[in-house]
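Summary of the model geometry
Residue strings, one per chain:
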Amino acid sequence: MGDPGVEGPVWLPSLPPSLGEYLAPNFQPVPLIPALTLLAALLYLAGAISLWRQGRHWSPVRTVSFLFGCLAIIVVMGAGIEGYGLRMFSIFMFQQLTLMMAVPPLLVIGSPGTLLLRATPHGRLGRPVLKAALWGLRSRWGRLAIHPAFMVPLFLLSFYGVYFSGLADLLLPNWYGHVGLELLFLAAGILFTVPLISADPLPTRQTHFGRMLDIFAEMPLHAFFGVVIMMATAPMVKFFAAPPATWNVDPMADQGLAGGLAWSYGELPGVLLLMFILVRWQREEARGWVKADRTAAVAGDPDLDAYNEYLRQLANRPVRRR
């Protein structure tokens, strides 16, 4: 079903929005993102099964995390909610926040890069894949993609740049622009999340303190964006200013809901990421202390030994009598 306001192969819902309609299996004529996501899930599962069959360990928790992230993308981009995202600001904002904030941690915790390096065969067919992966790890482009000077502005540009520059009204009426924005949101979320919590081999690694700074730099600006949307007195995106009259949807109330989602739903994953970083930092520090204690028990602690020797010398020094 087409619509004069939307160009390209799209399906637009006719019934008023409801939870049942959001989750209905109404795929778009060209479900590009769900199809790519399903392919990624199948390749990941094939790699995990390959390791298990060889008797090599691969974490079921990581597997479930990655597959659950893929399922979230398929539901949010493939069910009826995608059609409603072409008509309602709040639904499109929910999709954006899911792609940028909720899904990337699930995918990154799955460590797809490590699985790729471990499960890809080193023979003729797997060699180009491994070469491409290693090139990405060693190239300056890989370092640039996850550098805070690039990924933090890209992450914020996906909010402020898209909605405050008119880019949304330019791209959303076209299927290609709409899908392009969704891919941008997912890519920005992944690039922001990878240096924070990824256990995969990376071109560079930030310190735990640097990761916390990235989170603290993003969270207030993210919340401010939501507040601006909620306080706006005119439609921020004209594309969403005229939902079907039979739906009884007030576009300004819907815009306020979109801002509320950006402020609340968008902040929760950031808090969880911060807690994840703090827990990992504490565990690594604890492992470092245990390792240092074991080393000291076997080889001794040079600093402590030197201090003890100094105390012995003081104790053995003759006392001068006047």
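Residues numbered from 1 in each chain as written. Predicted model: local features only at pLDDT ≥ 70, side-chain atom pairs only at ≥ 80, totals over all residues. Heavy atoms only, no water.

**Overview of the overall build of the protein**
Rules: Put simply, DSSP H or I for four residues or longer makes a helix, DSSP E for two residues or longer makes a strand, and each gets a number counted from the N terminus. Under the scheme applied here, a residue whose accessible area is under 20% of the maximum for its type counts as buried, over 50% as exposed, and between as partly exposed, the area being computed with a 1.4 Å probe on protein chains only. In this description, contact between two residues means that some pair of their heavy atoms is separated by no more than 4.5 Å. Under the convention used here, a 1.4 Å probe and the Shrake-Rupley method define accessible areas, while residue burial counts only the protein chains that appear.
In terms of regular secondary structure, the protein is built from 15 helices and zero strands. Looking at the protein residue by residue over its 322 residues, the buried ones come to 41%. Of the contacts formed within the protein by residues at least 6 apart in sequence, a portion of 75% connects residues at least 24 apart. Working note: accessible area of the protein is about 17,800 Å², and carbon and sulfur atoms make up 68% of it.

**Looking at the packing of aromatic side chains**
To keep it simple, the criterion reads: Aromatic contacts are taken between Phe, Tyr and Trp rings whose centres are within 6.5 Å, Trp giving its six-membered ring; a plane angle under 30 degrees counts as stacked, one over 60 as edge-to-face, and the others as tilted.
Using the criterion set out here, one finds 16 aromatic pairs in the structure. Arranged with centres 5.5 Å apart and planes meeting at 25°, the rings of Phe-94 and Tyr-265 form a pair that is stacked. Separated by 171 residues along the polypeptide, Phe-94 in helix H5 (residues 89-109) and Tyr-265 in the loop between helix H13 (251-264) and helix H14 (267-299) bring together distant segments of the chain. Its relative accessible area of 28% is what places Phe-94 among the partly exposed residues. One aromatic cluster is present, formed by Phe-89, Phe-92, Phe-159, Tyr-160, Tyr-163, Phe-164, Phe-185, Phe-225, Phe-239 and Phe-240 through successive ring pairs.

**A few points about the UniProt feature "transmembrane region" (unreviewed entry) in the protein**
Convention followed: UniProt positions are given in the numbering used here, feature names are shortened, and annotations may be inferred rather than shown by experiment.
Summarizing the sequence annotation, UniProt attributes the feature "transmembrane region" (unreviewed entry) to residues 32-52, 64-85, 97-117, 144-163, 175-198, 219-241 and 261-281 in the numbering used throughout. When the span residues 261-281 is considered, its composition is 90% helix and 0% strand, and the gap between its end C-alpha atoms is 30 Å.

**Focus: the nonpolar core**
Test applied: Residues belong to one nonpolar core when they are buried, are Ala, Val, Leu, Ile, Met, Phe, Trp, Tyr or Cys, and are joined through side-chain atoms within 4.5 Å.
One finds Met-93 and Tyr-163 to be the most contacted residues of the largest nonpolar core, which totals 65 residues. Ranked by size, the runner-up nonpolar core spans six residues in total, among them Tyr-22, Ile-81, Ile-91 and Trp-247.

**Description of a nonpolar patch on the surface**
Note the threshold: Like-charged residues are merged into a patch within 9 Å and nonpolar side chains (Val, Leu, Ile, Met, Phe, Trp, Tyr) within 5 Å, provided each residue has over 30% relative accessible area and no salt bridge. Within this document, salt bridges are pairs made up of a side-chain nitrogen of Lys or Arg and a carboxyl oxygen of Asp or Glu, the two lying within 4 Å of each other.
Nonpolar side chains collect at one region of the surface, where Leu-19, Leu-23, Phe-68, Leu-71 and Val-75 lie side by side and expose about 500 Å² of accessible area between them. Of all the secondary-structure elements, those providing two or more residues to the nonpolar patch are helix H1 (19-23) and helix H3 (60-78). Tracing the chain through its elements places Phe-68 in helix H3.

**Comments concerning the environment of Asp-169**
This is how it is decided: Distance and chemistry together define a polar contact, namely a pair of N or O atoms within 3.5 Å, with one atom able to donate a hydrogen and the other to accept it when in protein, and with adjacent residues in sequence counting only for side-chain atoms on both sides.
Inspection of the secondary structure assignment puts Asp-169 in helix H10 (residues 167-171). In this structure Asp-169 comes out as partly exposed when scored by relative accessible area, which is 26%. Aside from chain neighbours lying at most four places away, what touches Asp-169 is Met-236, Val-237, Lys-238 and Phe-239. Side-chain polar atoms of Asp-169 contact the backbone nitrogen of Lys-238, separated by 3.0 Å.

**Let's talk about helix H11 (residues 175-197)**
We count it as follows: A helix is expected to reach a length of 1.5 Å times the quantity of its residues less one.
In this model H11 runs 33 Å from its N-terminal to its C-terminal C-alpha over 23 residues, within 8% of the 33 Å that 1.5 Å per residue would give. Between the side-chain oxygen of the N-cap and the backbone nitrogen of Tyr-176 there are 2.7 Å, and the N-cap of H11 in question is Asn-174.

**Quick word on the side chain of Thr-98**
Turning to its location among the elements, Thr-98 is positioned in helix H5. Look at Thr-98 and you get buried, because its relative accessible area is 5%.

**Considerations on unusual backbone geometry**
At Ser-111, a residue that is not glycine, the phi angle is positive and equals roughly 50°. Turning to its location among the elements, Ser-111 is positioned in the loop between H5 and helix H6 (112-119).

**Focus on the packing of helix H2 (residues 32-53) against H3**
Stated precisely, the cut-off is as follows: Note on geometry: axes are C-alpha line fits, over the in-contact stretch for helices, and angles between N-to-C directions span 0 to 180 degrees. Geometric relationships in this document are graded by angle, where less than 35 degrees denotes roughly parallel, more than 145 denotes roughly antiparallel, 65 to 115 denotes roughly perpendicular, and other angles denote oblique. In this scheme the crossing of two helices becomes right-handed for a clockwise turn of the near helix relative to the far one and left-handed for an anticlockwise turn of less than a right angle.
Axis separation between H2 and H3 bottoms out at 9 Å; the angle between their running directions is 165°. Taken together, the axes of H2 and H3 are roughly antiparallel relative to one another. H2 and H3 meet at a crossing whose hand is left-handed. Residues Ile-33, Pro-34, Thr-37, Leu-38, Ala-40, Ala-41, Tyr-44, Leu-45, Ala-48 and Trp-52 of H2 form the contact with H3, whose participating residues are Arg-62, Thr-63, Phe-66, Leu-67, Cys-70, Ile-73, Ile-74, Met-77 and Gly-78.

**Notes on the side chain of Thr-37**
In this fold, Thr-37 is placed in helix H2. Classification of Thr-37 as buried rests on a relative accessible area of 7%. At 2.8 Å, the side chain of Thr-37 and the backbone oxygen of Ile-33 are in polar contact. Apart from residues lying up to four places away in sequence, Thr-37 is in contact with Cys-70, Ile-73 and Ile-74.

**Things to note about the environment of Gly-256**
With respect to the secondary-structure elements, Gly-256 resides in helix H13. For the pair formed by Gly-256 and Thr-233, sequence separation is 23 residues and the distance between their alpha carbons is 9.6 Å.

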